[in-house]
Amino acid sequence: MTHKIIATLWRYSPLLLLAAVWEGVTQAHLVSQYALPTLSGVLTSMWTLAIDPDGLVYHTSRSIMRGAAGLGAAVVLGTTAGVLMAWYRPVRLLLKPFIQMFYPLPKSALIPLTIMWIGLGDPSKITLIFIGSLLPIVVSSFNATRGVDSVLIWSARGMGATDRELLWEVVVPAALPEIMNGYRVALALCFILVVAGELIIANNGIGFLINFLGEGGDYKGMFAGVITISLVGFLADRGYIMLMRRILIWRE
Amino acid sequence: METQPAAASAGASRAGIVIEDVMHEYRPPRGRPVLALDRLNLEVKEREFIAILGPSGCGKSTLLYLMGGFMPLQHGQITVNGKVVTGPGPDRGIVFQHFALFPWKTVRDNVLYGLEKQRLPRAEREDIAKRFIDLVGLKGFEDSYPSQLSGGMKQRVAIARTLAIDPDTLLMDEPFGALDAQTRSLMQEELIAIWNRSPKTVVFVTHDVREAVLLADRVAVMTARPGRLKEIVDTKFPGGLDPDIARTKEFIERVDYTWNLVREEAVRAEREK
């Protein structure tokens with residue numbers, strides 16, 4: 001157990017080094033405190049904001065709620081669309097042009113549009129996150145499904161599987177590792193879109209809080225917000241990897 | 001290319017496998033089409049063990065996949081036990097070189113899968129699965145995933161899975177090609193034992209001459225691409241399938257003879273590259 005903790009600390013030691021340099025440089029007044037407040041100040045501010053009922057916990061949970069709603073919808077619809085596109089030609093012919101057109105579009109460019117159409121509240125932000133994470137999920141599900149080794153399909157066919165059984169019992173499980181890698185990409189993207197949406201217009205959420213504190217001159221609080229969201233993003237990614245390992249336990 | 005009418009077939013009433021006038025052309029999205037098989041005719045008798053031997057790229061695997069019904073037949077006809085092949089079916093079990101196990105299923109579930117597709121009652125399925133896992137010597141590994149097994153063990157699972165659904169015909173595509181030499185010769189002996197216990201029609205694709213002569217009643221040697229039948233070598237030795245045959249003079253001579261046939265084609269294939 002102690003070995004594990006030491007190993008983890010060692011793995012993240014470059015980050016600890018960065019923290020030490022940050023504190024040292026700011027304490028020695030080598031940079032202006034308006035450009036970079038001291039790390040200890042930021043951490044103190046983070047604690048104050050953390051115990052404030054209208055602080056980090058509230059705003060972060062609003063952001064997570066938006067992200068989860070948008071990403072959840074994208075996972076369900078994106079996977080279905082990607083798999084069906086790969087498996088049924090008519091679906092592919094119908095959807096492929098849309099995917100190709102929207103894939104390269106920077107999704108943040110849609111923020112003004114979603115505001116104009118859906119308004120300023122949660123639905124417009126969730127829609128943006130949904131659209132943004134949908135495409136990588138569709139593309140990875142599509143590629144994963146198309147990439148399934150044909151000998152697996154032949155084996156199942158030879159043993160008497162019907163078309164539908166083939167899709168659900170063989171193709172989808174075989175494609176799952178790559179499909180789940182696509183979810184991970186979408187998860188990272190989803191954080192970008194949550195914060196971007198909230199920075200532009202919102203009255204809560206971590207993006208809003210960062211913007212609000214920054215504009216009010218509370219740079220320590222602003223940095224505390226940035227660190228919080230990156231920490232949440234990091235934990236979400238780690239947690240997702242652990243979940244993936246559990247589900248895909250059959251891999252070596 | 002057109003397909004010949006089924007009524008004119010000679011194989012329609014015959015047991016075993018009848019391959020008539022089969023041609024197959026690969027048409028890549030870019031580049032010229034490649035003729036893999038050219039007007040190939042071959043008959044495999046019921047319960048015969050035939051090996052198909054030839055230089056790489058001669059279309060021997062293609063021929064096997066066509067018998068399996070995995071690819072549409074472009075020209076000619078294949079009948080298996082009197083039935084025209086139009087698609088895959090559980091009457092023809094296949095074993096692939098790279099095992100084609102379902103990696104997310106345990107050994108037991110891999111073997112059970114085909115039995116479920118045969119809509120057998122649960123108790124019977126469990127019973128058969130157990131029997132075939134025992135037969136290939138994997139008792140104790142029922143709950144392992146394929147990724148936890150060695151190559152030889154994976155191929156045992158694949159063989160158990162195929163044998164469990166009791167196909168009349170066994171199609172094997174270089175099944176021991178990915179295994180090391182010791183494991184391969186062990187697996188050959190086991191296949192002999194299994195076949196001796198319940199003979200089936202076996203089509204065994206390989207490029208290992210010794211393996212072909214050892215296992216098969218007859219060896220069909222194919223020409224370099226486009227694949228045609230070059231010669232059929234009788235490799236049935238008195239006393240039936242027996243690993244000890246490999247030490248006899250007749251066996252060694254037959255291997256040499258077959259090896260020379262393959263060599264001619266391999267040299268030709270190399271020159272045409």
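Reading the values: the criteria
For every chain, the first residue of the written sequence is number 1, and numbering continues from 1 along that sequence. Ligands are numbered from 1 and chains lettered from A, in the order in which they are written. At least 70 in pLDDT is required for a residue's local features to be given in this predicted model, at least 80 for side-chain atom pairs to be given and counted, and no such filter applies to totals for whole chains, interfaces and linings, which use all residues. To get the side-chain values, all heavy atoms of the structure are used, and hydrogens and water are removed first. We call two residues in contact whenever any of their non-hydrogen atoms come within 4.5 Å of each other. Throughout, the accessible surface (probe 1.4 Å) given up by two parts as they are put together, summed over both, is called the buried area. Here, a salt bridge means any Lys or Arg side-chain nitrogen found within 4 Å of an Asp or Glu carboxyl oxygen. Definition of a polar contact: a pair of N or O atoms within 3.5 Å, with one able to donate and the other able to accept a hydrogen when the atoms are protein atoms, and with sequence-neighbouring residues admitted only if both atoms are side-chain atoms. A run of H or I in DSSP counts as a helix once it spans at least four residues, and a run of E counts as a strand once it spans at least two, with each numbered from the N terminus. For this classification, Asp, Glu, Lys and Arg are treated as charged, while Ala, Val, Leu, Ile, Met, Phe, Trp, Tyr, Cys and Pro are nonpolar and the rest, including Gly, are polar. For the exposure calls, accessible area comes from a 1.4 Å probe over protein chains only, and a residue counts as buried if that area is under 20% of its type's maximum, exposed if over 50%, partly exposed in between. Two strands pair if DSSP finds at least two bridges between them. Each axis is a line fitted through C-alpha atoms, taken for helices only over the stretch in contact, and angles between the N-to-C directions span 0 to 180 degrees.

Caption draft 1: Highlighting the interface of chain A and chain B. Listed as interface residues are 20 residues of chain A and, on the opposing side, 21 residues of chain B. Carbon and sulfur atoms supply 69% of the area that chain A and chain B bury against each other, a total of about 1,900 Å² over both sides. Summed over the three residues of chain A that lose the most area to chain B, namely Trp154, Met159 and Trp250 of chain A, the buried surface amounts to 42% of that side. Counting the contacts that link chain A with chain B gives three salt bridges. Across the chain A-chain B interface, the total number found is seven residue pairs in polar contact (both at pLDDT 80 or more). Residue assignment for the side of chain A that touches chain B shows that the elements contributing at least two residues are α8 (150-158) and α9 (163-200) of chain A. Residue composition of the side of chain A that touches chain B, grouped by class: 11 nonpolar, four polar and five charged.

Caption draft 2: Structural view of unusual backbone geometry. With an omega of -5 degrees, the peptide bond running from arginine 225 of chain B to proline 226 of chain B counts as cis. Within the element layout of this structure, proline 226 of chain B appears in the loop between β9 (218-222) and β10 (229-234). The phi angle at histidine 29 of chain A is positive, at roughly 55 degrees, despite the residue not being glycine. Inspection of the secondary structure assignment puts histidine 29 of chain A in the loop between α2 (13-27) and α3 (39-51). The class of histidine 29 of chain A is exposed, set by a relative accessible area of 67%.

Caption draft 3: Focus on the pattern of salt bridges. Summed over all chains, the structure comprises 24 salt bridges over all chains. Aspartate 134 of chain B is paired through a salt bridge with lysine 139 of chain B; the nearest N and O atoms lie 3.9 Å apart. Looking at aspartate 134 of chain B, the relative accessible area reads 29%, which means it is partly exposed. For lysine 139 of chain B, a relative accessible area of 56% translates into the label exposed. Shared partners join several salt bridges into a network, and the residues in it are Arg62, Arg66, Asp122 and Glu198 of chain A.

Caption draft 4: Spotlight on the sheet that holds strand β5 (residues 83-84) of chain B. Residues and elements named next belong to chain B. Overall, antiparallel pairing links the four strands, which are arranged β2-β1-β4-β5 in an open sheet. Across the chains shown, the open sheet's two edge strands, defined by having one partner strand only, are β2 (34-44) and β5. Pairing of strand β1 (residues 17-26) with β2 involves seven bridges; the strand directions are antiparallel. Bridge assignment links tyrosine 26 to a residue of β2, and that residue is valine 34. In the packing of helix α1 (residues 60-68) onto the sheet, the strands contacted are β1, β2 and β4 (75-80), and the crossing angle to β1 comes to about 120 degrees.

Such coordinate-based values are descriptive only and should not be taken to indicate function.
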